[in-house]
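Letter by letter, the chains look like this.
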Amino acid sequence: LRAGQDLQLGPLTVHACVGKHPGGHITFVLEANGESLFFGGDTAWHPDLPALGEQFPDLDVALLPVSGSKMLFGQWQVHLDAQQATRVAVALAPRVAIPIHYHFELRRLPRFMTRPYEVGHTADLFLDVMADRAPAIETRKLEVGETWES
């Protein structure tokens, strides 16, 4: 799918939306049975991400990458950082915002292409920034393997 395209899979509607990442330039909104979820995948900042809040005004959940990961000696950002994810969350105004992509290591790339950094703290930073800037949006931090139902 490309941004702007939709796919119907039984009761599930998949909307491909704007995004920015070397592996693909899309994010997704999934809708089924009266519920909706934004999946930010691996996206970095894209100036059109906040406009998705107007296109999908009743989101239940937003899964937002928060690591702020960078490649090529720190010159190329490949994931949203906590502040950018908060900007997107505020614009999307979901009922619940959940940080993702903060438990990983870049192992497939040569060391010279990546900048060493810790990403584990970025979920907590996202929760702190959200509490300050968007206290009406519930936030949840899930540990590796943890599940959650709304």
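Quick note: structure is the one above.
Note that the structure is a prediction, hence the values are computed from the model and not measured.

A. The arrangement of unusual backbone geometry in detail. For N33, which is not glycine, the phi dihedral falls at a positive 50°. For N33, the location among the structural elements is in the loop between β3 (26-32) and β4 (35-39). Look at A93: it is not a glycine, yet its phi comes out positive at around 50°.

B. Spotlight on helix α2 (residues 82-92). Taken together, the buried positions of α2 are occupied by A82, Q84, A85, T86, V88, A89 and L92. Put simply, D81 is the residue that caps the front of α2, since its side-chain oxygen is 3.1 Å from the backbone nitrogen of Q83. Just downstream of α2, A93 is the residue with a positive phi angle, here 50°.

C. Spatial organisation of the sheet that holds β3. Across the sheet, which stays open at both edges, the 7 strands sit in the order β1-β2-β3-β4-β5-β8-β9 with mixed pairing between neighbours. Every interior strand has two partners, whereas the edge strands, β1 (6-9) and β9 (138-139), have only one. On the sheet, α2 packs against β4, β5 (61-65) and β8 (96-100) and is oriented at approximately 165° with respect to β5. Strands in contact with helix α3 (residues 122-133) are β5, β8 and β9; relative to β8, the strand with the most contacts, it is inclined by about 155°.

D. Seen up close, the packing of α2 against α3. It is the contact of α2 with α3, at a shortest axis distance of 9 Å, that shows an interaxial angle of 45°. On the basis of the axis angle, α2 is oblique to α3. The handedness of the crossing between α2 and α3 is right-handed. Here A82, Q83, A85, T86, R87 and A89 of α2 lie close against α3, whose contacting residues are T122, L125, F126, V129, M130 and R133. When its residues are assigned to classes, the contact of α2 with α3 shows 7 nonpolar, 3 polar and 2 charged.

Rules used in this analysis
Residues numbered from 1 in each chain as written. Predicted model: local features only at pLDDT ≥ 70, side-chain atom pairs only at ≥ 80, totals over all residues. Heavy atoms only, no water. Helix = DSSP H or I, 4+ residues; strand = E, 2+ residues; numbered from the N terminus. Buried < 20%, exposed > 50% of the residue type's maximum accessible area, 1.4 Å probe, protein only. Polar contact = N/O pair within 3.5 Å; in protein donor to acceptor, adjacent residues only side chain to side chain. Pairing = 2+ DSSP bridges. Contact = heavy atoms within 4.5 Å. Axes fitted to C-alpha atoms, helices over the stretch in contact; angles between N-to-C directions. Parallel < 35°, antiparallel > 145°, perpendicular 65-115°, else oblique. Left-handed = near helix turned anticlockwise from the far one by under 90°. Nonpolar A, V, L, I, M, F, W, Y, C, P; charged D, E, K, R; others polar.

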